[in-house]
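Close look at the chain arrangement
Take a look at the letters that make up each chain.
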Amino acid sequence: MGVYDYHHDSGKSDRPNLLHQNEQESESVNPYKAYVEVVADFSPDGKMVPMRIVWEDGRKYDIDRVLRIDRRASLKAGGAGIRYVCRVMGKQVELYYEENGLWFVTRRTPLYSGGRAGEMT
């Protein structure tokens, strides 16, 4: 099985402007949507499994277990893709992989509300 960090290939992001642009768009469109970096593992048959979430401020969260994988839309944050229902530090987190190759989670509180931006649902 191989591991691949989507945004830090050899220590350099292959799409820094696109990621930053999407973060700005997500804040103006829906402040509950937070783009994150994800380290994923790939099985020999090509199945992608997320292993770690790197939050906006650099904090790293290991994914304890992937509970469910399905194609869904995020009603709270907007956007759609493959939803990974994961257990992170004992809590259930919905992680989405969009067709544009970016990952996002929903914030517990919107970025502009004065809440901590580093809190996942």
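Residues numbered from 1 in each chain as written. Predicted model: local features only at pLDDT ≥ 70, side-chain atom pairs only at ≥ 80, totals over all residues. Heavy atoms only, no water.

Quick look at the nonpolar core now. Residues V36, I53, Y84, V88, L95, W103 and V105 are the most contacted members of the largest nonpolar core, which totals 17 residues. Residue assignment for this core shows that the elements contributing at least two residues are β2 (33–42), β3 (48–54), β6 (80–88), β7 (91–97) and β8 (103–106). It is β2 that contributes the most residues to this core, four residues altogether. With five residues, the next largest nonpolar core counts Y35, A77, Y96 and F104 among its residues. (Core = buried A, V, L, I, M, F, W, Y, C linked by side-chain atoms within 4.5 Å. Buried < 20%, exposed > 50% of the residue type's maximum accessible area, 1.4 Å probe, protein only. Helix = DSSP H or I, 4+ residues; strand = E, 2+ residues; numbered from the N terminus.)

A word on the side chain of S74. Looking at the element boundaries, S74 is found in the loop between β5 (65–73) and β6. S74 has contacts with G79, Y96, F104 and T106, leaving out every residue within four places of it along the chain. (Contact = heavy atoms within 4.5 Å.)

With that settled, consider the pairing of β5. Bridge count for β5 against β6 is eight bridges, and the pairing is antiparallel. Opposite R71, over in β6, you have I82 as the bridge partner. Joining the antiparallel neighbours β5 and β6 is a turn of six residues, in which G78 adopts a positive phi near 80°. (Pairing = 2+ DSSP bridges.)

Per the stated rule, a full pass over the model turns up eight salt bridges. In this structure, the salt-bridge partner of E99 is R71, at a minimum N-O distance of 3.6 Å. On the criterion of sequence distance, the pair formed by E99 in the loop between β7 and β8 and R71 in strand β5 is long-range, its members being 28 residues apart. Given the relative accessible area of 75%, E99 is considered exposed. Three or more residues joined by partner-sharing salt bridges are found here, namely D70, R72, R83 and E94. (Salt bridge = Lys/Arg side-chain N within 4 Å of Asp/Glu carboxyl O.)

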